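Residues per chain are reported as follows:
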Amino acid sequence: MDTLHWLDQIQPLDRALVGEKAFSLGCLGQRGYPILPGFVVPAIARTQFMESIQWSAPLLADLPHSSLHLDVFNPRQLQQVALNIRQEIAAATFPESWMAMLAAVERWEMPAVILRPSFALPIPPLSGRAHPNLQGLLAARVCPKQPEALAFTLKEIWADLFRARSLFYWHYAGIQIPHLKMAVLVQPLGEAIASGTLQPWMVGNSPYWEIQATWGLGNSLVKGEVIPDFYQVQAETGAVVQQLGSKTRAYRLALNQKTVSNSYLSVELVSEEEQQQYALTGKDLQALIAIAQQLRREIGQTFRLEWTLCPNSTTGEPELQIVQINEQIVHTKPSRWVLSHPAPKTPLVKGLGAAAGRAVGVVRVVAPHQPPKSLAPGQIIVVQSITPDWLPLLKKAVGVVAEQGGLTCHAAILARELGIPAVVGATGATQLLVSGKTFLIDGDRGEVYALESQVTATPEVTPVAETPPFSAKITTKLMANLSQISSLAKAANLPLDGVGLLRSELMLLEALRGQHPQEWINAGRQLELGAIMAELVGQFAEAFAPRPVFYRSLDWRSHEFPSFTGNLSRPAETNPMLGWRGTFSYQQDSSLFDLELTALAQVQQLGYSNLRLLLPFVRTVEEFSFCRQRVELAGLTQDAQFELWIMAEVPSVIFLLPDYVQAGVQGISIGTNDLTQLLLGVDREQAQMATVFNERHPAVIRAIQQLIQLAKQAGIPCSICGQAPAQYPEMVEQLVQWGITAISVELDAVERTYSAIARAENGI
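Per chain, the residues get numbers from 1 upward, laid out in the order the sequence is written. Per-residue local features are limited, in this predicted model, to residues with pLDDT of at least 70; the limit for side-chain atom pairs, both in listing and counting, is 80 or more; totals at the level of whole chains, interfaces and linings are taken over all residues. Hydrogen atoms and water are omitted, and side-chain values are computed over all heavy atoms in the structure.

Enquirer: Lay out the sheet that holds strand β17 (residues 358–365) in plain terms, naming residues and giving numbers.
Expert: Strand pairing in a sheet is mediated by backbone hydrogen bonds. Such pairs are either parallel or antiparallel. DSSP calls a pair of strands paired once it identifies at least 2 bridges connecting them. Here a strand is any run of E in DSSP of at least two residues, a helix any run of H or I of at least four, and the numbering for each starts at the N terminus. The strand order across the open sheet built from eight strands is β15-β22-β21-β17-β18-β19-β20-β16, with neighbouring strands paired in mixed fashion. Strands with a single pairing partner mark the edges of an open sheet, and in this sheet they are β15 (349–350) and β16 (352–355). Inspection of the sheet shows β16 paired to strand β20 (residues 422–424) by three bridges, in the antiparallel sense. Across the sheet, the residue bridging to Ala-355 is Ala-422, located in β20.

As structure tokens, then:
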């Protein structure tokens, strides 16, 4: 390392040495933009340091020139090699001549420094592969402004290149380690008042910016732990529409740590008063917009900023600084709506945000238990409660508001899979919201706003990254809860290990044409219905092959399909959630269950060996044994890859799991929705009980832990498919720690669940 490269002295020829991130920031600084000062430890320094190490293992002897010919698909070997390399780097001595240069950090006024990897791109990819996105692969690190701490942290960042997940990624992207040119950008870091991002998108030919802001450092935003303040800015005019977020926590510096290996960050709860305030004042917001407009004039629209608002070291006044700038390719992808005027500050209706997103539409208030025969596209359905037979109507809606229900009710489940916002538990919605009027529904905050008639709405366009944020290697299987064929296209672009829950009732709903399946059987139409089932299941099996598809057999509850015709020959039920349902109903009349099994066998005969069967709401070992006999009679077990699982949602499974395994259960899937309501004695359909329906209740958490541990002891896999992991990503760390084998979530939760698993497994 001959010299450090200061940001204000970076030249175009330095790009390969300092990396794209540092080069772009240095150029901004030289043009007079407000950036954090700093220097760059050039890419050649890592190469020289690696060459100075006396490698002990033969495999590593020629680093950094080694191509590491190891089997990255052998987890044990991969982890061991990665550990050996990182230990060698940590133990190596940092050159004394370099320490003198690093002492420059002691002159900075701020108490800490932040180190950001800065790659030199392009790196030649393999033929036919997309250009790898490396900028977000390795995390930044924080340390005190001491040369010893800085040297230690530099070695940690260089060692990150050789984590197991990194080695896997280099192999996947076709990158040879000698081609990796990574510099490290070093900048002072002080307390941040607020942090956030600014990124572009287009509506038609009109450019917009989306600004997100939160209190403190930007970690809470990166980790998805807060709902940030949201600003949409018309780039040409500067017109702003803003929405207050839910900023409940903030990351601050914590420099009283004893060792240089800690993160030096602490998490603080934000006061109620601060939560009601925007993170950006009007003055600071306008300053950020002015910077963006100037950049647009000079370099065009395709950039993304990360910014921070820090107190000036002399005056203490807030000072806006650009932390990072990256090229952002803008695509056109309609998803939400942009208002021509700001929404009112006070919502007309409040409830629970059950499905994320915002939408503008004309309200259609529907009378109780009377679903309309048709619905105009683009309307918001407002109703007392939603049952599964509303699915065809919801496909035309842009949002749904229900007076009843909690986060696990049918309105929430259907809306999440269809990708439309939903507010449930919205007391008085059918009286307060008027048909024919225009409203804004916010599914993140659980609020509905009345809009003036002249307010118009146009499709918002979300920027789509060239490479999805799924670069980390994870070993816990990530699966999806599905029911709609229309979801397969979206699922195809996600890193899924299969379908963890195929909801058969919703899958079959439209094909039944308003008739209960028992009526099809009573009318002698078994073959027709069986063919429909096989066709639908076959599409999921084909789309995911060879990855497994867990088909949950039908669990019809009498109160959920009021519009269906057909005599169910059942007694009236006062509590259908605990009545004639699950495998109990199969014992009473197996005709429909047998028809399902025949349909699954037909899919197997087409050559699909990736089907698995999940039995719902199993109350007794005897019920399971009955079902297993029917499964064997249908010939499903002749396929060696077929597995028969049960849903672990009735608490008695905790006590009887060894007996179930002895009876032939090959795996369990924890259904947190029913498990929670039965453990806590709470009706999950009742909005009034939403505060009591707590999937993080100690009893629920202990039950989940016990089920996972019992499954491990029995030698069977254990997955989880309820709403809890998606609703509370912090729960994922516990699940991974206990040994969960798979987590299955709605499609809209895949990205944040993937990140949560990666953090839990790899400390990202």
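Enquirer: Describe the packing of aromatic side chains, and please don't skip the residues or the numbers.
Expert: Only rings of Phe, Tyr and Trp enter the pairing, Trp through its six-membered ring, and a pair is recorded when the two centres are within 6.5 Å. The plane angle decides the type: under 30 degrees is stacked, over 60 is edge-to-face, the rest tilted. The final tally for this structure, using the stated rule, is ten aromatic pairs. Between the aromatic rings of Phe-94 and Trp-158, the centroid separation amounts to 6.2 Å while the plane-to-plane angle is 15 degrees, which identifies the pairing as stacked. Of this pair, Phe-94 sits in the loop between α3 (75–91) and α4 (96–102) while Trp-158 sits in helix α5 (residues 147–160), placing them 64 residues apart in sequence. Overall, Phe-94 belongs to the buried group, its relative accessible area being 8%. Consider the rings of Tyr-231 and Tyr-278, whose centres lie 5.9 Å apart with planes at 45 degrees: the pair is tilted. Here Tyr-278 lies in the loop between α8 (272–275) and α9 (282–299) and Tyr-231 lies in strand β8 (residues 229–234), a separation of 47 residues in the sequence. Overall, Tyr-278 belongs to the partly exposed group, its relative accessible area being 27%. Members of the aromatic cluster, joined through ring pairs, are Phe-49, Phe-94, Trp-98 and Trp-158. The ring of Trp-520 carries the charged tip of Arg-525 above its face, separated from the ring centre by 3.9 Å. A cation over a ring is seen here: Arg-581 above Phe-617, with NZ or CZ 3.7 Å from the ring centre. Partly exposed residues are those whose accessible area sits between 20% and 50% of the maximum for their type, while under 20% is buried and over 50% is exposed, using a 1.4 Å probe and protein chains only. Note on criteria: charge over ring means Lys NZ or Arg CZ within 6 Å of the ring centre, with the direction from the centre no more than 35 degrees off the ring normal.

Enquirer: For the pattern of salt bridges, give the residues involved together with the corresponding values.
Expert: By definition here, a salt bridge exists when the distance from a side-chain nitrogen of Lys or Arg to a carboxyl oxygen of Asp or Glu is within 4 Å. On inspection of all chains with the given rule, the structure shows 18 salt bridges. The partner of Glu-268 in a salt bridge is Arg-252, with the nearest N and O atoms 3.6 Å apart. One end of the pair, Glu-268, is in strand β11 (residues 265–269); the other, Arg-252, is in strand β10 (residues 249–253), with 16 residues separating them in the sequence. Among the salt bridges present, the one from Asp-674 reaches Arg-581, with a minimum N-O distance of 3.1 Å. One end of the pair, Asp-674, is in helix α21 (residues 672–680); the other, Arg-581, is in the loop between β26 (549–552) and α17 (582–588), with 93 residues separating them in the sequence.

Enquirer: Describe the nonpolar core, with residues and values.
Expert: By nonpolar core is meant a set of buried Ala, Val, Leu, Ile, Met, Phe, Trp, Tyr and Cys residues that side-chain atoms within 4.5 Å join together. Counting residues in hydrophobic clusters, the biggest one holds 90 residues, and the most contacted among them are Leu-615 and Ile-668. Of all the elements, helix α16 (residues 526–544) adds the most residues to this core, at nine residues. Here Ile-668 is in contact with Trp-645, Ile-646, Ala-648, Leu-657, Leu-707, Ala-711, Ile-716, Pro-717, Cys-718 and Ser-719, once residues within four sequence places are set aside. With 54 residues, the next largest nonpolar core counts Phe-49, Trp-108, Leu-115 and Tyr-264 among its residues. When checking whether two residues touch, look at their non-hydrogen atoms; a contact exists if any pair is within 4.5 Å.

Enquirer: Give me the lowdown on α9, citing residues and values where you can.
Expert: Given a rise of 1.5 Å per residue, 18 residues ought to cover 26 Å, and the 25 Å separating the end C-alpha atoms of α9 matches this to within 8%. Taken together, the buried positions of α9 are occupied by Asp-284, Leu-285, Leu-288, Ile-289, Ile-291, Ala-292 and Leu-295. Down the axis of α9, the buried set is contained in an arc of 155 degrees. They therefore lie on one face. In α9, the exposed positions angled more than 90 degrees off the buried face are occupied by Gly-282, Lys-283 and Arg-297. Directly beyond the C-terminal end of α9, a positive phi value near 100 degrees is found at Gly-300. One fewer than the residue count of a helix, multiplied by 1.5 Å, yields its expected span. Taken from the helix axis, the directions to the C-beta atoms give the arc we talk about.

Enquirer: Describe in detail the environment of Leu-600, supporting the description with residues and values.
Expert: Structurally, Leu-600 can be placed in helix α18 (residues 591–605). Those residues within four positions of Leu-600 in sequence are excluded, and the remaining contacts are Val-537, Tyr-551, Leu-611, Leu-613 and Leu-636.

Enquirer: Give me the lowdown on the packing of α16 against α18, citing residues and values where you can.
Expert: Between α16 and α18, whose axes approach to 8 Å, the crossing angle comes to 50 degrees. Between α16 and α18, the angle falls in the class oblique. Relative to α18, α16 is oriented so that their crossing is right-handed. Contacts between α16 and α18 involve Gln-526, Leu-529, Gly-530, Ala-531, Met-533, Ala-534, Val-537, Gly-538 and Ala-541 on the former and, on the latter, Leu-592, Leu-595, Glu-596, Ala-599, Leu-600, Gln-602 and Val-603. When residues are sorted by character, Ala, Val, Leu, Ile, Met, Phe, Trp, Tyr, Cys and Pro go into the nonpolar class, Asp, Glu, Lys and Arg into the charged class, and all the rest, Gly among them, into the polar class. Its residues assigned to classes, the contact of α16 with α18 comprises eleven nonpolar, four polar and one charged. Note on geometry: axes are lines fitted to C-alpha atoms, helical ones only across the stretch in contact, with angles between N-to-C directions running from 0 to 180 degrees. When describing relative orientation, an angle under 35 degrees is termed roughly parallel and one over 145 degrees roughly antiparallel, while 65 to 115 degrees is termed roughly perpendicular and anything else oblique. If you view the pair so one helix is near and one far, a crossing is left-handed when the near helix is turned anticlockwise from the far one by less than a right angle, and right-handed when it is turned clockwise.

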